[in-house]
Amino acid sequence: MKCLLVASESAEVLFYWTDNEFLLRVQEQYGTARDEDGRPPAFEDRINTLFAPIIISCSTLVDRLGDSYTAFSTENNDTYVLHQFEECLYIAVNGDGEESEDDLKRKIYVMKKFTDVLFGMVTLSSALFRKELRPQDTEQRRVLWLHLQGLLETYSRLREQDQSFLVEAVERLISTPIARAVYRVSEPPGKQLNSSSERAGEEVQHAFILVHTKLLAFYSSRNASTLSASDLLTLMVMVQHSHPSNPEIDESSPEHVQHDTTVGSELFYTPEPSPTDNQAELSRASIEGSPMSRASVEGSPMFQFVDPDIQMAEDSLQTLQMSPPDPATPTRVFLETTLKEGFYPMMPHSMYTLPLWPGITLVLLTKIPSSHMAMSIYHFLETVTKLEKRLSDSKEGLVPLRGHAPIQELRSKMDKFIRVLGSSEIQTSLLQNAWVEFKNRAFNRGGPGLSRELVSSCKKLRTQLCGVFRQCFLSEGCRTQRLSPSLQDRALTMVQDKLMDWKEFLLEFPGLIHFIYVDRAMGQMIAPSLNMSERASSELGKGPLAHYIKSKVWSLVGTARRYLQKGYTTVTQRDGDYYFCYFLWFENETGYKLEVVDIPSLPDDSAPIGMLAWDYYRKLLRYYSKTHSSEVVKCYELLTVHLGVIPSDYVLQHCSQLARKLWEPSRIPLL
């Protein structure tokens, strides 16, 4: 029984997702309720009624005590985790014991990451973000909520099944021929597309090929910023949501060989398309936030569809099954970018998801022509936000204007920025009014200057800057420019012509059952496959055995994270017939192991360790690099599962040898 809710401080539901068990419980709890017309209330109203006391009590505690609770359990063992981002309260619930507090907290942070990638700097204004997350138009709201619900479902599925989402690092497919072919496969589309006149001003920054959720090849243009592992994992969730694949099919079977007419006589060993039942299940999962039972999907309904929300869910299921996404239509995403001008956490890009074959996808990330506008808006927002915080936190409530370079720069550049916007179709009157009010208060002799009275003007100016950002990058009119369909087809053909067959990287050590090796500086991981299917075997055999080992591995990762949060970098544990090891260490660029140091422990209420919730490892590398400023510091993790009969000395020796053997493949550059 699971639920995730986003609500405003006034207890307005901004978004919700639930599974069927939670839906049925709410139905049973409010089943006899009727509105004035004798109809049962909409499910959204039921959710609002259920959570309103929690939301109001949380807001009251914040107002009166400046603090609130972050988690609690009920008498029937339901677990609630709460976290407030600005003026939006996120609540995650679990009632079946399958998710811990840490799991629920991680789900909340992942949901926040999704909204950051989808809405960009609009999330920096609570007022605009509430409107964006809950559109007034019912149809727009339905489509948006279904999309977000599907992303959450896809993430939850991947975290349960995929090791890369368990440890939150990108898994690469590595073999000697693939290492040589990486540049050959992924470079031509990027270079040739950027030299075409059909690109409508867009520039391909990154091109990469995914085999299910594994990275096969990667290309970045010369001037492109590094694509962070957190953003890449988020994009993988989006690709899997829009083009779900089934990685459990044995790809080496002869019956799965397909011949593509676009590539002459070459043969490609690819997975089968997902079965219809699986597609239906995935479609159902993406709208599981609507009150429809499993039985209603599989056969006879358990209850009548009288709620309009339920009918909407049933219609949406048919829509999702019959109308797959158009791969030629790009998705607007906002990603972390580091340029010579500075760091920008939410720069607009267009993402093109082009299926090559079932389970194999080419993804293009392009820089849009108006991206320089986002850089200016972010500079202004950063200056205004910092000033607002200084004024709010200052005991005197005053900040000296003289010598305050960012404010002087804001004063000189904002007028020019508004004039430039005035020559376009962007509506600037509200921004102009907010800026005039800010100037009159901050810079005029008769005004209060940089005092606490300026806080309200800062908030208005910040909101209007976010509003201009929304007009520039999220409105329908800004999405007309894109790569032409013929140019996208050309990219597909080039990659299909050059793509080679691949084989998974497999290492064998006596007594070693499983391992996960992670390069945290690059955000990439290597691990043997864990196949749960009875149809196909992995290194661990079929079904039950692999499933048992998988449960042990997932448990080990959770244990390692708990100890890492307390400052431990080495964990060894014997569990029945198995021996688990976890190591975190630092090296320089040549592979020389650096000395062990005590790392900081984290408070219990900190964000979950990983890269999606927040980039813990980036901060850890910065902390360690303070004492090694003259060299590049790398961070690695290794998790191993051995048979318990192997002596501990041999286990440690295996771990050391395995780390050395895996070090060389990790040097392969992703160009």
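Coordinates for the structure precede this section.
Residues numbered from 1 in each chain as written. Predicted model: local features only at pLDDT ≥ 70, side-chain atom pairs only at ≥ 80, totals over all residues. Heavy atoms only, no water.

### Focus: the sheet that holds strand S5 (residues 88-94)
Ordered in space as S2-S1-S5-S4-S3, the five strands form an open sheet in which the pairing is antiparallel. In this open sheet, the two strands that pair with only one neighbour each are strand S2 (13-18) and strand S3 (71-73). Strand-to-strand twist across the sheet, computed as the mean angle between neighbouring axes with direction ignored, equals 15 degrees. Both strand S1 (residues 2-8) and S5 contribute to a ladder of seven bridges, which runs antiparallel. Of the residues in S5, the one forming a bridge with Ala7 is Leu89. Along the sheet, helix H1 (residues 20-29) contacts S1, S2 and S5; its crossing angle with S2, the most-contacted strand, is approximately 115 degrees. Most of the contacts of helix H3 (residues 101-119) go to strand S4 (residues 79-85), to which it runs at about 35 degrees, and overall it touches S1, S2, S3, S4 and S5. (Pairing = 2+ DSSP bridges. Helix = DSSP H or I, 4+ residues; strand = E, 2+ residues; numbered from the N terminus. Axes fitted to C-alpha atoms, helices over the stretch in contact; angles between N-to-C directions. Contact = heavy atoms within 4.5 Å.)

### Topic: the packing of aromatic side chains
Counting across every chain of the model gives 22 aromatic pairs. When the centroid spacing of 5.4 Å and the interplanar angle of 85 degrees are considered together, the rings of Phe85 and Tyr109 count as edge-to-face. Of this pair, Phe85 sits in strand S4 while Tyr109 sits in helix H3, placing them 24 residues apart in sequence. We note that Phe85, like Tyr109, is buried. Note on Tyr344 and Tyr378: the rings are 5.8 Å apart at their centroids and 70 degrees apart in plane angle, and the pair reads as edge-to-face. (Phe/Tyr/Trp six-rings, centres within 6.5 Å; stacked < 30°, edge-to-face > 60°. Buried < 20%, exposed > 50% of the residue type's maximum accessible area, 1.4 Å probe, protein only.)

### Thoughts on the environment of Arg172
Tracing the sequence through the fold places Arg172 in the loop between strand S6 (170-171) and helix H7 (176-194). Overall, the relative accessible area of 8% leaves Arg172 in the buried class. A sequence separation of 355 residues divides Arg172 from Ala527, and the C-alpha atoms of the two residues are 9.0 Å apart.

### Digging into the side chain of Asp103
You can see Asp103 is positioned in helix H3. Within the structure, Asp103 has its side chain in polar contact with the backbone nitrogen of Ser100 (distance 3.0 Å). Residues contacting Asp103, with those up to four places away along its chain left out, are Glu98 and Arg159. (Polar contact = N/O pair within 3.5 Å; in protein donor to acceptor, adjacent residues only side chain to side chain.)

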